[in-house]
Amino acid sequence: PQLTRFRVDIKDNGVAEIVMNRPKKLNVMDSVFFTEVGTVFDFIEASPKVNVALLWAEGRLFTAGLDLKAMGGVMSTGDDELTQRTTLLANLKEWQRGFNRARTITKPVIAAVHGKCIGGGIDLITSCDIRLASADASFSIKETQIGLVADLGTLQRIHRIVGSGVAREMAFTANFIDAQRALSTGFVNAVYNDFDSLLAAAREMASQIAGLSPIVLQGTKITMNFAEDHTVEDSLQQIALWNSAFLKSDDLIEAVTAFMQKRTPQFRNRL
């Protein structure tokens with residue numbers, strides 16, 4: 001896709017690297033960014049060459065969050081008040097879809113965060129499946145401090161990751177939490193010394209995941225997402241139906257055969 005706020009690099013190993021590539025602008029988020037984020041993840045989902053996505057950013061920080069100057073014009077269009085409100089509602093719903101897409105696509109998404117991750121950056125990474133950080137990373141739900149209620153997914157997701165108390169502290173105070181506290185609360189899975197070691201570890205993890213059966217990865221993510229929103233009983237029914245439909249795949253036979261022959265499996269099945 002034609003992109004100006006991201007770059008997508010598809011590797012031979014089935015990993016797509018999604019790079020926020022406006023370091024001079026601190027990877028701030030404007031209306032173009034909000035549109036492109038959905039486009040990027042739609043592309044990842046549709047690409048048969050991609051098994052897993054890795055999100056990272058160029059520059060000295062992950063993102064400074066909302067581009068307040070650019071977004072001021074979007075929120076005040078000069079139309080009558082009712083038209084402004086209905087337009088903003090339509091925009092918000094589309095932007096929410098884009099930011100939620102990392103979660104709703106069937107392929108795992110890893111976020112590798114360095115430096116500051118502010119506001120909309122939290123919306124984006126809480127939608128990802130796995131978060132990794134460098135030691136200099138810090139995180140803030142900054143919207144509260146600038147007169148906004150975070151509206152692109154943070155408040156709906158973060159309590160499931162860190163628990164209600166920490167989530168409310170972050171949201172009510174807008175204070176930064178550092179990488180070590182993010183690790184201790186489960187907000188990130190691991191912390192690495194610097195950006196280079198972070199990116200190397202994230203790429204290694206992405207490569208490991210991408211080497212597994214695509215249809216199994218997709219089924220696992222679909223099943224885990226379903227389980228988060230349903231009872232155990234409903235979720236057991238879902239996985240029973242899923243495996244009844246997909247268990248007998250060529251990939252299962254290939255995985256067993258490769259294990260017996262002590263070779264790397266060559267998987268072909270995907271949704």
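Above this note sits the structure.
Residues numbered from 1 in each chain as written. Predicted model: local features only at pLDDT ≥ 70, side-chain atom pairs only at ≥ 80, totals over all residues. Heavy atoms only, no water.

Colleague: Looking at this structure, how should I read helix H6 (residues 164-173)?
Modeller: An α-helix turns once every 3.6 residues. As a result, residues three or four positions apart point the same way. All of the buried residues in H6 are Val166, Ala167, Met170 and Ala171. With its buried residues spanning 130 degrees around the axis, H6 presents them on a single face. The exposed residues of H6 that point more than 90 degrees off its buried face are Gly165 and Phe172. Looking at the packing, one finds that the buried side of H6 touches strand E7 (138-140), helix H5 (154-162), strand E8 (177-178) and helix H7 (179-184). Positive phi shows up at Ala174, right after H6, with a value of about 65 degrees. (Buried < 20%, exposed > 50% of the residue type's maximum accessible area, 1.4 Å probe, protein only. Helix = DSSP H or I, 4+ residues; strand = E, 2+ residues; numbered from the N terminus. Arc of directions from axis to C-beta. Contact = heavy atoms within 4.5 Å.)

Colleague: Explanation requested: the side chain of Arg22 in the structure shown.
Modeller: Residue position: Arg22 is located in the loop between strand E2 (15-20) and helix H1 (31-46). Judged by relative accessible area, which is 17%, Arg22 ranks as buried. Ignoring anything within four residues of it in the chain, the contact list for Arg22 reads Thr4, Arg5, Asn27, Val28 and Asp30.

Colleague: Could you clarify how one ought to interpret the pattern of salt bridges in this entry?
Modeller: Oppositely charged side chains can form a pair if their charged atoms are brought close together. Summed over all chains, the structure comprises 15 salt bridges. Two residues, Arg97 and Glu94, come together in a salt bridge whose shortest N-O distance is 3.5 Å. Here Glu94 and Arg97 lie together in helix H3 (residues 81-104), a separation of three residues that amounts to about one turn. Overall, Arg97 belongs to the partly exposed group, its relative accessible area being 36%. By relative accessible area, which is 43% here, Glu94 ends up partly exposed. Between Asp229 and Arg160 there is a salt bridge, and its shortest N-O distance comes to 2.9 Å. Taken together, the residues Asp229 in helix H9 (residues 214-229) and Arg160 in helix H5 connect sequence positions 69 residues apart. By relative accessible area, which is 43% here, Asp229 ends up partly exposed. (Salt bridge = Lys/Arg side-chain N within 4 Å of Asp/Glu carboxyl O.)

Colleague: Honestly, the state of the cysteines in this entry has me stumped. Any pointers?
Modeller: In a disulfide, the sulfur atoms of two cysteines are covalently bonded to one another. Inspection of the entire model under this criterion finds zero disulfides. Summary of cysteine pairing: Cys128 is not part of a disulfide, and the nearest cysteine sulfur, belonging to Cys117, is at 9.6 Å. (Disulfide = S-S within 2.5 Å.)

Colleague: So what exactly am I meant to see when it comes to unusual backbone geometry here?
Modeller: Negative phi is the rule for most residues except glycine; trans is the rule for most peptide bonds. Phi angles above zero are rare outside glycine, and Leu26 is one such case at about 60 degrees. With respect to the helices and strands, the residue Leu26 is situated in the loop between E2 and H1. Backbone geometry at Ala174 places phi at a positive 65 degrees, although glycine is not the residue there. Tracing the backbone through its elements, the reader meets Ala174 in the loop between H6 and E8.

Colleague: Sorry if this is basic, but what is going on with the sheet that holds strand E5 (residues 116-118) here?
Modeller: Strands pair in a sheet through their backbones, by hydrogen bonds, and they do so in one of two ways: parallel or antiparallel. Pairing is mixed in the open sheet, where three strands are placed in the order E5-E7-E8. Strands with a single pairing partner mark the edges of an open sheet, and in this sheet they are E5 and E8. With three bridges joining them, E5 and E7 adopt parallel strand pairing. Counted as the bridge partner of Cys117 is Phe139 from E7. (Pairing = 2+ DSSP bridges.)

Colleague: Help me understand the packing of H9 against helix H10 (residues 232-246) in this model?
Modeller: When two helices pack together, you describe them by how their axes are tilted relative to each other and by the distance separating the axes. At a minimum axis separation of 9 Å, H9 and H10 run at an interaxial angle of 160 degrees. As far as their axial angle goes, H10 and H9 are roughly antiparallel. Remark: the crossing between H9 and H10 carries right-handed chirality. On H10, the residues touching Ile215, Gly219, Ile222, Thr223, Phe226 and Ala227 of H9 are Asp234, Ser235, Gln238, Ile239, Trp242 and Phe246. Residue classes in the contact of H9 with H10 are distributed as seven nonpolar, four polar and one charged. (Axes fitted to C-alpha atoms, helices over the stretch in contact; angles between N-to-C directions. Parallel < 35°, antiparallel > 145°, perpendicular 65-115°, else oblique. Left-handed = near helix turned anticlockwise from the far one by under 90°. Nonpolar A, V, L, I, M, F, W, Y, C, P; charged D, E, K, R; others polar.)

Colleague: Got a minute to help me understand the packing of aromatic side chains in this structure?
Modeller: When we look at a pair of aromatic rings, we describe it by the centre distance and by the angle of the planes. Within this structure, the stated rule accounts for eight aromatic pairs. Ring plane angle 85 degrees and centroid distance 6.4 Å describe the contact between Phe33 and Phe34, whose orientation is recorded as edge-to-face. Phe34 gets classed as buried once you look at its relative accessible area, which sits at 5%. Taking the centre distance of 4.3 Å and the plane angle of 40 degrees together, the rings of Trp242 and Phe246 count as tilted. (Phe/Tyr/Trp six-rings, centres within 6.5 Å; stacked < 30°, edge-to-face > 60°.)

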